[in-house]
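Chains, contacts and geometry: an overview
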Amino acid sequence: MQQESLVPTNIQLDPFFDLSMDYLCVAGYDGYFRKVNPAFIKLLGFSEEELFSVPIYDFIYEEDRGLTASNRKSLINSKPLLDFENRYVCKSGELVWLHWTSIPMPDKQLIYAIAKNITHKKNLESERISHVAQLSKINEQLKQLNYTTSHDLRSPVNNLLYLADILGNKDNGEEENEKILEYIKLSAEGLKTSLNSYVDALKENEDDSVGVEEVFFKKVFEKINGSISSLIKDSQVKFSLDFSAMESVRFNSAYMESIFLNLITNSIKYARPDVFPEIQITSGETDGKKTFTFTDNGLGFDMEKVGHLIFSLNQRFHGTKDSKGVGLYLVHSHITSLGGTISVASKVNEGSTFTIIFGD
């Protein structure tokens, strides 16, 4: 007796298409959308009618149209498109980065595609590139200082060594030793002056690089929330915000956005698999110091093992594939560069609390 197939033949696929949090679409070889799922409609902000009425080309960011067109030719020639990234322009004018997998069906002249919103990853990548460029610039300055001091201070140091060597020579008279001591003093003062000038030059370069202004926490949160809205929706994270005790602080706005972005995305990335992520963000004052507290219910850290490494560069604690070990390093760098401090309290599988004390 032949065994019946265990695969049901009456599964309805429409709910899968409609309920998916990824962005699903079907496009024709003519360059028009034929079907889009609700998640894609919500992401772009256009109605279904608007998406169907004009070529897909019109929704793509102008700088990415050429590359997209060349890859579309490959699709039409029956070559699947994997790991392709481009930017779409939402109805609001916001740009979103999408990561595509597209499969052509020549017999039906259709392309079936699925996309993921990677805007938040691109923002983090852009920030990291910027930070690396800044570190490279600082490194070049330090290298230049090293070259300069090696060259400019060689002669006075050699002079000091020579004077020290002949000081106290048994053939020297008292008057001659006094003259040598005077020369040593003059050389030492010259060295001090040169070193001070180098330090002052470095301080000037550092002071000019960062500007501060009144930064409002709620406004920053809303901006970051908008930039990673799909990530927040997909993760079903719950926020509890309380900025009533202190609505703003004098800080660098770009740094503050980076702090929110890195802490929020880390909490989502390292959420416990058994619970939805919850994040509590509060501001206040402690002993006259302006504070900012960020708490989550994620995987947490073993502080005895890795507590001293948490803010170090290139440190990874949870084995996540796309982790770069840069986010918390950037947060620490932003805070300390403006005179503040940051600390963390954490337990494995009980979440983490980051406490920031802003500089004066």
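What you are looking at is a predicted structure, and each value in this text was computed from that prediction instead of being measured.

**Points about the nonpolar core**
Grouped together as the largest cluster of nonpolar side chains are 38 residues, with contacts concentrated most on Phe 260 and Phe 358. If you tally residues by element for this core, the top one is helix H10 (residues 253-269), at eight residues. If near-sequence neighbours (up to four positions away) are discounted, Phe 358 is found in contact with Phe 217, Met 246, Val 249, Phe 251, Met 256, Lys 290, Thr 291, Phe 292, Ile 335 and Gly 340. Judged by nonpolar contacts, the second largest core, of 26 residues, contains Ala 27, Phe 59, Leu 81 and Leu 98.

**Concerning the confidence of the model for the chain**
In this model, the chain carries an average pLDDT of 81, and 79% of its residues clear a pLDDT of 70 or more. Note that residues 320-324 has pLDDT below 50 and, in this model, 10 contacts with residues that lie over four places away or in other chains.

**With respect to helix H8 (residues 217-227)**
Since the α-helix turns once every 3.6 residues, residues separated by three or four places project in the same direction. Within H8 the residues assigned to the buried category are Phe 217, Val 220, Phe 221, Ile 224 and Ser 227. The buried side chains of H8 occupy one side of the element, clustering within an arc of 130° when seen end-on. Counted as exposed and oriented over 90 degrees from the buried face of H8: Lys 218 and Lys 219.

**Considerations on the environment of Ile 357**
Note that Ile 357 resides in strand E12 (residues 352-357). Take Ile 357: its relative accessible area is 32%, and that puts it in the partly exposed class. C-alpha separation for the pair Ile 357 and Ser 343, spaced 14 residues apart in sequence, amounts to 8.7 Å. Apart from residues lying up to four places away in sequence, Ile 357 is in contact with Lys 289, Lys 290, Thr 291, Gly 340 and Thr 341.

**Overview of the sheet that holds strand E4 (residues 95-105)**
The antiparallel open sheet is built from five strands, whose spatial order is E2-E1-E5-E4-E3. In this open sheet, the two edge strands, each paired with only one partner strand, are strand E2 (33-36) and strand E3 (81-89). For this sheet the average axis-to-axis angle between neighbouring strands, irrespective of direction, equals 30°. Relative to E4, E3 runs antiparallel, the two sharing seven bridges. In the sheet register, Leu 81 faces E4, and the bridge partner there is Ser 102.

**Details of the sheet that holds E12**
Across the sheet, which stays open at both edges, the five strands sit in the order E7-E9-E10-E12-E11 with mixed pairing between neighbours. The open sheet terminates on both sides in strands that have one partner only, identified here as strand E7 (238-242) and strand E11 (341-346). Across this sheet, the average inter-strand angle for adjacent strands is 15°, counted without regard to direction. When E7 meets strand E9 (residues 278-286), the two strands line up parallel, connected through five bridges. For Leu 241, the partnering residue across the bridge sits in E9 and is Ile 281. Contacting E11 and E12, helix H12 (residues 327-337) runs over the sheet at an angle of about 140° to E11.

**Concerning the side chain of Asn 262**
Counting through the fold element by element, Asn 262 comes out in helix H10. A relative accessible area of 1% means that Asn 262 is categorised as buried. Residues contacting Asn 262, with those up to four places away along its chain left out, are Leu 124, Glu 127, Arg 128, Gly 327, Leu 330 and Val 331.

**A few points about the environment of Lys 347**
Here Lys 347 lies in the loop between E11 and E12. The exposure class assigned to Lys 347 is exposed, which follows from its relative accessible area of 53%. A C-alpha to C-alpha distance of 5.9 Å links Lys 347 and Asp 302, two positions 45 residues apart in sequence.

**Section: a nonpolar patch on the surface**
A surface patch of nonpolar side chains, about 280 Å² in accessible area, is lined by Leu 82, Ile 103 and Tyr 112. Tracing the chain through its elements places Leu 82 in strand E3. A residue is classified by how much of its surface remains accessible, and Leu 82, at 55% relative accessible area, is exposed.

**A short note on the pairing of strand E1 (residues 23-28)**
The element E1 is largely enclosed, with a buried count of six among its six residues. Burial along E1 is two-sided: the residues Tyr 23, Cys 25 and Ala 27 and Leu 24, Val 26 and Gly 28 are all buried. Direction of pairing for E1 relative to strand E5 (residues 110-117): antiparallel, over a ladder of six bridges. Counterpart to Gly 28 in the pairing with E5 is Leu 110. Sheet topology note: the E1/E2 ladder contains three bridges and is antiparallel. Across the sheet, residue Ala 27 finds its bridge partner in E2, namely Phe 33. Here E1 hands over to E2 after four residues, with Gly 31 in that stretch at a positive phi of 90°.

**Some thoughts on the packing of aromatic side chains**
Summed over the entire model, instances satisfying the criterion amount to 14 aromatic pairs. Ring centres of Phe 46 and Phe 59 lie 5.0 Å apart, and the angle between their planes is 65°; on these two criteria the pair is classed as edge-to-face. Here Phe 59 lies in the loop between helix H3 (48-53) and helix H4 (65-76) and Phe 46 lies in the loop between helix H2 (38-44) and H3, a separation of 13 residues in the sequence. For Phe 59, a relative accessible area of 5% gives the class buried. Aromatic pair Phe 311 and Phe 354: ring centres 6.3 Å apart, planes at 65°, arrangement edge-to-face. Taken together, the residues Phe 311 in the loop between helix H11 (303-306) and H12 and Phe 354 in strand E12 connect sequence positions 43 residues apart. A residue is classified by how much of its surface remains accessible, and Phe 311, at 16% relative accessible area, is buried. The exposure class assigned to Phe 354 is buried, which follows from its relative accessible area of 5%. Directly above the ring of Phe 17 sits Lys 35, whose terminal nitrogen or CZ lies 4.7 Å from the centroid.

Calculation criteria
Residues numbered from 1 in each chain as written. Predicted model: local features only at pLDDT ≥ 70, side-chain atom pairs only at ≥ 80, totals over all residues. Heavy atoms only, no water. Core = buried A, V, L, I, M, F, W, Y, C linked by side-chain atoms within 4.5 Å. Buried < 20%, exposed > 50% of the residue type's maximum accessible area, 1.4 Å probe, protein only. Helix = DSSP H or I, 4+ residues; strand = E, 2+ residues; numbered from the N terminus. Contact = heavy atoms within 4.5 Å. pLDDT = per-residue confidence, 0-100. Arc of directions from axis to C-beta. Pairing = 2+ DSSP bridges. Axes fitted to C-alpha atoms, helices over the stretch in contact; angles between N-to-C directions. Patch = residues over 30% accessible without salt bridge, like charges linked within 9 Å, V, L, I, M, F, W, Y side chains within 5 Å. Areas by Shrake-Rupley, 256 points an atom, 1.4 Å probe, with all protein chains shown as cover. Salt bridge = Lys/Arg side-chain N within 4 Å of Asp/Glu carboxyl O. Phe/Tyr/Trp six-rings, centres within 6.5 Å; stacked < 30°, edge-to-face > 60°. Lys NZ or Arg CZ within 6 Å of the ring centre and 35° of its normal.

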